[in-house]
Amino acid sequence: MDRIHAQDESIYANASLRMAAQGSWLTPIVMGRFYFHKPPLLYIFTGLSLKAFGPSLFALRLPSLLAGSLTAALLFFWCAGARGLWAGLTAMLRLLSNSVWVTFARLCYTDTLLAFFTVGAMFAVARDRRLDTPAARWSFIAFDAAAILTKSVAGVLPLLVS
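Keep in mind that what you see is a predicted model, and the values were worked out from it rather than measured.

Cut-offs and rules
- Residues numbered from 1 in each chain as written.
- Predicted model: local features only at pLDDT ≥ 70, side-chain atom pairs only at ≥ 80, totals over all residues.
- Heavy atoms only, no water.
- Patch = residues over 30% accessible without salt bridge, like charges linked within 9 Å, V, L, I, M, F, W, Y side chains within 5 Å.
- Areas by Shrake-Rupley, 256 points an atom, 1.4 Å probe, with all protein chains shown as cover.
- Salt bridge = Lys/Arg side-chain N within 4 Å of Asp/Glu carboxyl O.
- Helix = DSSP H or I, 4+ residues; strand = E, 2+ residues; numbered from the N terminus.
- Expected span 1.5 Å × (residues − 1).
- Buried < 20%, exposed > 50% of the residue type's maximum accessible area, 1.4 Å probe, protein only.
- Arc of directions from axis to C-beta.
- Contact = heavy atoms within 4.5 Å.
- Phe/Tyr/Trp six-rings, centres within 6.5 Å; stacked < 30°, edge-to-face > 60°.
- Core = buried A, V, L, I, M, F, W, Y, C linked by side-chain atoms within 4.5 Å.

Participant: Outline a nonpolar patch on the surface, listing residues and values.
Facilitator: On the surface, F53, F58 and L65 cluster together into a nonpolar patch covering about 320 Å² of accessible area. Note that L65 resides in helix α3 (residues 57-83).

Encoded structure:
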């Protein structure tokens, strides 16, 4: 059976388990102390997963696993729409063949969520470079806000690209 490996994952797990059990959704608490070193979105998603499916490694890692899968799907649709089916398949398979990506997508880390939200924001810009349509503008805002709530300053990167 796979166990919690790294210190980061154990901190995220502790905060998420407390959120799910105690209901303090905006105040991460780790080992009895407030933990404001990271924004709360991963804790909230993981806490909701733990609340829905019970305390298990599957529930703990489900948000990252879904983000990894959705990133691959989004890359496929983006590249297939821009360059054709083979480009979409190539982009998706290149991502899924990257051992670092597969490892991070299977752990409770902020990186996979950040990558998904960043790719989503960039997809909105690729569909409408000036963000003139409300759908493109609001999807960019939502994805970038989620990226900021996932990993703070690193979530600002889509703003620099747009």
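Let us keep going from here.
Participant: So what's going on with helix α7 (residues 134-151)? Residues and values would help.
Facilitator: With 18 residues, α7 ought to run about 26 Å at 1.5 Å a step, and its terminal C-alpha atoms sit 26 Å apart, in line with that. Within α7, the full set of buried residues consists of A136, F140, D144, A146, A147 and T150. Down the axis of α7, the buried side of the element spans an arc of 160 degrees, and every buried residue falls inside it. Opposite the buried face of α7, at more than 90 degrees from it, the exposed residues are P134 and W138. Buried positions along α7 lie against α2 (41-53), α6 (110-127) and α8 (157-161). Positive backbone phi, at 55 degrees, marks S152, one or two positions downstream of α7.

Participant: Can you tell me about the packing of aromatic side chains, naming the residues and giving the values?
Facilitator: Inspection of the entire model under this criterion finds nine aromatic pairs. Here F116 and F117 contribute two aromatic rings whose centre-to-centre distance is 5.3 Å and whose plane-to-plane angle is 50 degrees, an arrangement assigned as tilted. For the pair shown, F116 and F117 are each scored as buried. Relative to F143, the ring of F117 has its centre 6.4 Å away and its plane inclined at 45 degrees; by these criteria the two rings are tilted. In this pair, F117 sits in helix α6 while F143 sits in helix α7, placing the two residues 26 residues apart along the sequence. Relative accessible area serves as the criterion here: at 7%, F117 is assigned to the buried category.

Participant: With reference to specific residues and values, describe the environment of L60.
Facilitator: Inspection of the secondary structure puts L60 in helix α3. Remark: the alpha-carbon pair of L60 and A13, spanning 47 residues in sequence, is separated by 6.8 Å.

Participant: A description of the nonpolar core should follow, citing residues and the corresponding values.
Facilitator: Residues Y12, Y43 and F117 are the most contacted members of the largest nonpolar core, which totals 36 residues. Those elements that place two or more of their residues in this core are α1 (7-22), α2, α3, α4 (85-96), α5 (99-105), α6 and α7. Y43 has contacts with Y12, A15, S16, M19, P28, Y35 and K38, leaving out every residue within four places of it along the chain.

Participant: Hey, could you go over unusual backbone geometry for me, with residue numbers and the actual values?
Facilitator: A positive phi angle, close to 55 degrees, is found at M31, a residue other than glycine. Mapping M31 onto the fold places it in the loop between β1 (29-30) and β2 (33-34). Residue class for M31 comes out exposed when judged on its relative accessible area of 69%. Despite not being glycine, L131 has its phi angle at roughly 55 degrees, a positive value.

Participant: Give me the lowdown on α2, citing residues and values where you can.
Facilitator: If you check α2, its first and last C-alpha atoms are 18 Å apart, about what 13 residues at 1.5 Å a residue would give, namely 18 Å. For α2, the set of buried residues is L41, L42, Y43, I44, T46, G47, S49 and L50. The inward-facing, buried residues of α2 abut α1, α3, α6 and α7. Where α2 ends, the next residue or the one after it, G54, has phi of about 90 degrees, a positive value.

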